[in-house]
Amino acid sequence: MKRTLPFRSALPAVLCLALVGCEASKSSNPLSPSVAGPIGGVEITAPKMLEPAQGFRFKETEQPIKLLIENSSSTGVRPITYTFEVASDDGFNSKVYARSGVATGDGGRTSVIVEKLDLGRGYYWRVRADDGANTSMFASSSFEVLPRPLLNPPALQSPIDNVRTTTRRPELTVGSSERNVSVGNLTYEFQIAVDPAFPPSS
């Protein structure tokens, strides 16, 4: 005689097989890539930002820019990587550079190179450490990239327009040169010649 299994008995078996097939396991090994995190008791300190210092001003010729940090410390055993971000706003909504998974550098320091940034703008940068299960707090700072240098010649004030002086030692007066923040301290050079072409002296 032909026998059949009632449908009500077969259904739980099918459901059980489906659930077993879909279950994902997490390892308890702290070095496993699939470890369930964060791992309790593990603390990672925030990186210490070394360069550029807070408020540093870069000249155009000092690009590309290197971001340098002192490595974080961890009470865990998992290797640490770093995430670096640069933005034009302190909320980091307008990021101009982002790199994650940066391996820990030698000598207790880690760095990345940021390619050329726009001139004449301020930037914010931050970095944090990550072991794949735990993360540190972000450390943040800011710097500025100065505009292209602007330096105009000083305006002559006196004597001018072929005026005749009454002394053989006239006082030469000029106005201050127009410049921007990319130009530092100035010195002025005065020259006198009998030829308007200012030929080199022999």
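Relevant structure appears above.
Residues numbered from 1 in each chain as written. Predicted model: local features only at pLDDT ≥ 70, side-chain atom pairs only at ≥ 80, totals over all residues. Heavy atoms only, no water.

### Things to note about the overall build of the chain
On a plain count of helices and strands, the chain comes out with one helix and 10 strands. Burial analysis of the chain (202 residues in total) assigns 25% to the buried set. The contacts of the chain with a sequence gap of at least 6 include a subset with a gap of at least 24, amounting to 62%. Carbon and sulfur atoms form 52% of the exposed surface of the chain, whose accessible area is close to 14,700 Å². (Helix = DSSP H or I, 4+ residues; strand = E, 2+ residues; numbered from the N terminus. Buried < 20%, exposed > 50% of the residue type's maximum accessible area, 1.4 Å probe, protein only. Contact = heavy atoms within 4.5 Å. Areas by Shrake-Rupley, 256 points an atom, 1.4 Å probe, with all protein chains shown as cover.)

### What to know about the sheet that holds strand β3 (residues 65–70)
Here we have three strands laid out as an open sheet, ordered β1-β3-β6, and antiparallel in their pairing. The open sheet has two edge strands, β1 (48–51) and β6 (109–114), and neither has a second partner. Ignoring which end each strand starts from, the neighbouring axes of this sheet average 30° apart. Looking at chain direction, β3 and β6 are connected through six bridges and run antiparallel. Bridge pairing in β6 places L68 opposite S111. (Pairing = 2+ DSSP bridges. Axes fitted to C-alpha atoms, helices over the stretch in contact; angles between N-to-C directions.)

### Concerning the sheet that holds strand β2 (residues 56–58)
Across the sheet, which stays open at both edges, the five strands sit in the order β2-β8-β7-β4-β5 with mixed pairing between neighbours. Edge positions in the sheet fall to β2 and β5 (95–103), since each has one partner strand and no second. Adjacent strand axes in the sheet meet at a mean angle of 25°, parallel and antiparallel pairs treated alike. Direction of pairing for strand β4 (residues 81–87) relative to strand β7 (residues 121–130): antiparallel, over a ladder of seven bridges.

### Focus on the packing of aromatic side chains
Summed over all chains, the structure comprises three aromatic pairs. On the numbers, 5.5 Å between centres and 85° between planes, the contact of F58 with F143 is edge-to-face. Highlighted residues: F58 in strand β2 and F143 in strand β8 (residues 139–145), separated in sequence by 85 residues. Comparing F58 with F143, the two get one shared label, buried. It is R126 that lies over the ring of F92; its NZ or CZ is 4.1 Å from the centre. Geometry around F138 places R126 over its ring, the cationic atom sitting 4.1 Å from the centre. (Phe/Tyr/Trp six-rings, centres within 6.5 Å; stacked < 30°, edge-to-face > 60°. Lys NZ or Arg CZ within 6 Å of the ring centre and 35° of its normal.)

### Here's the deal with the pattern of salt bridges
Tallied over the full model, the rule gives five salt bridges. Two residues, E144 and R57, come together in a salt bridge whose shortest N-O distance is 3.2 Å. Of this pair, E144 sits in strand β8 while R57 is found in strand β2, placing the two residues 87 residues apart along the sequence. By relative accessible area, which is 24% here, E144 ends up partly exposed. Connected through shared salt-bridge partners, E85, K95 and R126 make up one network. (Salt bridge = Lys/Arg side-chain N within 4 Å of Asp/Glu carboxyl O.)

### Re unusual backbone geometry
Residue P52 is bonded to the preceding E51 through a cis peptide linkage, with omega at -5°. With respect to the element layout, P52 can be found in the loop between β1 and β2. S158 connects to P159 through a cis peptide bond whose omega is -5°. Here P159 shows up in the loop between β9 (156–158) and β10 (173–174). Of note, F92 is a non-glycine position whose phi angle comes to about 60°, a positive value. Tracing the backbone shows F92 in the loop between β4 and β5.

### Structural notes on the nonpolar core
Core analysis: the largest hydrophobic core is formed by 23 residues, its most contacted members being L67, Y82, F84, V86, W125 and F143. Contributions of two or more residues to this core are made by β3, β4, β5, β6, β7 and β8. In terms of residue count, the dominant contributor to this core is β7 (four residues). (Core = buried A, V, L, I, M, F, W, Y, C linked by side-chain atoms within 4.5 Å.)

### Comments concerning the side chain of R78
If you trace the backbone, R78 turns up in the loop between β3 and β4. Buried R78, no salt bridge; nearest opposite-charge side chain is D131, N-O distance 4.2 Å. Of note is the side chain of R78, whose polar atom sits 2.7 Å from the backbone oxygen of D131. (Lys, Arg positive; Asp, Glu negative; His and termini not counted. Polar contact = N/O pair within 3.5 Å; in protein donor to acceptor, adjacent residues only side chain to side chain.)

Purely geometric stuff here, so don't read any function into it on its own.
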